[in-house]
Each structure stands twice: as structure tokens, then as C-alpha cells.
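# Report on the structure
This is what each chain is made of:
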Amino acid sequence: IAVVALAVVALGAVLGLKSLTAGSTDFQGEGTGSVTVVVKKGDSLSQIGRTLAAAGVVADESAFVDAASGDPKAQGISPGTYVLRSGMSGTAAVALMLDPESRKVAKVVVPEGLRMEKTLAIASKATGIPLDDLKAAAAKSASLGLPEYADGNPEGFLFPATYEFEPSATADDVVKAMLARFDQAATDLDLESAAAQRGLDPLDVVTIASILEVEVAPADYGKAARVLYNRLDKGMRLQLDSTVNYALGKSELKLSAADLAVDSPYNTYKVKGLPPGPIGSPGEAAIQAALNPDDGSWLYWVTTDVDSRTTEFATTYDQFLVLKKKFQANAG
């Protein structure tokens, strides 16, 4: 009996010691310094715990896994690069990884209507990727996901959206992501089929949408699209300052006679029909309007108040002249 009692006591002491030892492996507090770790796609919580332990962020795998198991949000930890600290408790490590500020990503915000050159400049500044590398990637965009109907020209197909890129992202990755986002929008809008049903080429639709982005406010996309179609149907030149600006590589409110005489397929004052391609990257709303213009007989528009982007529409040339005088009076 005495031997059995001693064995029980000894076993209890061993188990107690193990319990104390297990409980003491977790670091305490928020940690110090800065440690960068990478969570790969498909990593489990256990794998993340091992990665953090190897980097000295947490004491061991279980410190992180135990803390993560107690927080349902931990299942949402995304792959990516994180900036953490050395010697963190498991709970602190989980909390910091759930804070978006801990993820080391380059956020690239591309507004609607930008030309490719400006889009690539924004991406270069945000990611640190040399602009020349991004231009080289764009030049080979046919192999990176550019639609065949774009005829090898990526202008208009680097979709306006907000992107996040890891520090390891390459120029090809950036261009691929933007082309893929265009493809997603085109699929959502059923662009190719919808264009075919209307007797249009999808490139023409994107070109019209790009003009809408530059010329008018979103509320007027539908009317402006109808003006373009009405003029095309009547064989009228489009006479758009936006396409001339594109040909000249500038963005001026008022163009000179010399500007309007520039020899370019984008000069819609001289050349009938649409320009050969987009003059910027349109968003979904503009593409939708190009596919579904408003009903009406308008043939002209004038942005009579530039500051408020107020655009008025006319069906006759005399009405257009009245609106033109109104613009001149407002412009000063």
C-alpha cells in the first residue's frame, strides 16, 4: 500500500511539473522590435504557429494555436507578409495578425478613366517597381491576359480598381492582376455576347466607354453614349476634344486650331468613326452605358459648367451654339 501511495504521489508530481512547464512556454506581453514573416497560401494554423515560433515571434507552435483556437476570427488570417514583434504572447500575435495594419502590402488605387501611362506610374510609386519594368510588362500584355480583340494594345484594359500587392510582386504580376480584373468585369457584364447582340465589336464598346469616362459625369453616361451612336449612324464626325488630347498626350480644356488639325487616327475632328482604341480605362458603369445607351435624338453635348461637371444635350446645331455660348460665359 505504501509503495502504491508513493507511486501515485510521484505520478502526480510529474504531471504537475509537466503542467507547469507547458503553461510557462508562452511569452508574455506585446513583444519588442520588428519581425517580418510570410504566411503562404494554404497554411494551417499549426503551420503558421511553426513559422512564428521559428522566427521567435511566439514561444512555440502551441502558444499560437491555443490562442487562435479561442478566436473565431483567426480562421480569416490571409496569406501574405506580416510585420510582427519578437517575444509576443500567442494572444498578442493573433490580435496583431488580424489587424490589417500588420500586413505588408502595397495598395494601388487606379481611378476610372486614367490613361495607361498614368496607371503604370501610380503602380510604380506604390509598389516600388521601376516604371520601365511595368511598361515592359504592359508591352507583352498579349501573353499576360489581354483579350484578343484588344489587338495587342493594353490601353483601356488595365482595369480601374484597388489592388494589393505583396512585396515580392513583379511587374508581370501587377499587369496580370489588372488584366484579370478587366476580364472579371467583362464576364460580369457579358461584354462580348452583349456587344454581338447589338452588332458591335467589344473593342468599340470599350473605346466608347473610355470616351464617356473622360467627357462626362457618370450620371450622363447613358445620354452621351446615345449621342455617339447617333452621330456614328448619321456618318457625322464625333469631334471630341478628349480624343485629340489623347493624340497630343495632354489634357487641355481648350484646344487651339493647330491642336485640332493634328494628323492622328485619334483626331475625331478629321477622321470619321471611332478612334482605333480606348483613350483610357473605363469602369463597369461606363461599359454598361456603352452597351445600353439611353433613348433619345441628341446629337451634341456641352459641359456648360466644368467645375460641377454639368453637361447639357442638344438635338440641333442651333441649340448646340446656345450651349457653347453658355460654356464660354461660365469659363470666363
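To start, this report covers the structure provided alongside it.

Here is what the cut-offs are and how they apply
- Residues numbered from 1 in each chain as written.
- Predicted model: local features only at pLDDT ≥ 70, side-chain atom pairs only at ≥ 80, totals over all residues.
- Heavy atoms only, no water.
- Buried < 20%, exposed > 50% of the residue type's maximum accessible area, 1.4 Å probe, protein only.
- Helix = DSSP H or I, 4+ residues; strand = E, 2+ residues; numbered from the N terminus.
- Contact = heavy atoms within 4.5 Å.
- Expected span 1.5 Å × (residues − 1).
- Arc of directions from axis to C-beta.
- Phe/Tyr/Trp six-rings, centres within 6.5 Å; stacked < 30°, edge-to-face > 60°.

## Some points on helix 13 (residues 284–291)
- For helix 13, the full list of buried residues reads Ala286, Ile287, Ala289, Ala290 and Leu291.
- Elements that come into contact with the buried residues of helix 13 comprise helix 7 (171–188), helix 8 (191–197), helix 9 (202–215) and helix 10 (221–233).

## Things to note about unusual backbone geometry
- Of note in the backbone geometry, Asp151 takes a positive phi value of approximately 60° without being a glycine.
- Checked against the element boundaries, Asp151 lands in the loop between helix 6 (131–139) and strand 4 (162–165).
- Although it is not a glycine, Gln239 sits at a positive phi angle of roughly 50°.

## Quick notes on helix 14 (residues 317–331)
- Compared with the 21 Å implied by 1.5 Å per residue over 15 residues, the 21 Å span of helix 14 between its first and last C-alpha is a close match.
- Of the residues making up helix 14, those classed as buried are Phe320, Leu323 and Phe327. When helix 14 is viewed along its axis, its buried side chains cluster within an angular range of 65° and face the same direction. Set apart from the buried face of helix 14 by more than 90 degrees, the exposed residues are Asp318, Val322, Lys325 and Ala329.
- On its buried face, helix 14 sits against strand 5 (300–305) and strand 6 (310–314).

## Describing the packing of aromatic side chains
- Across all of its chains, the model carries 10 aromatic pairs by this definition.
- Aromatic pair Trp298 and Phe313: ring centres 6.0 Å apart, planes at 55°, arrangement tilted. A residue pair is termed long-range when its members are at least 10 positions apart, and Trp298 in the loop between helix 13 and strand 5 and Phe313 in strand 6 qualify at 15 residues.
- The buried category is assigned to Trp298, whose relative accessible area is 17%.
- Here Phe313 falls in the buried class, since its relative accessible area comes to 17%.
- Between the aromatic rings of Tyr300 and Phe320, the centroid separation amounts to 5.1 Å while the plane-to-plane angle is 25°, which identifies the pairing as stacked.

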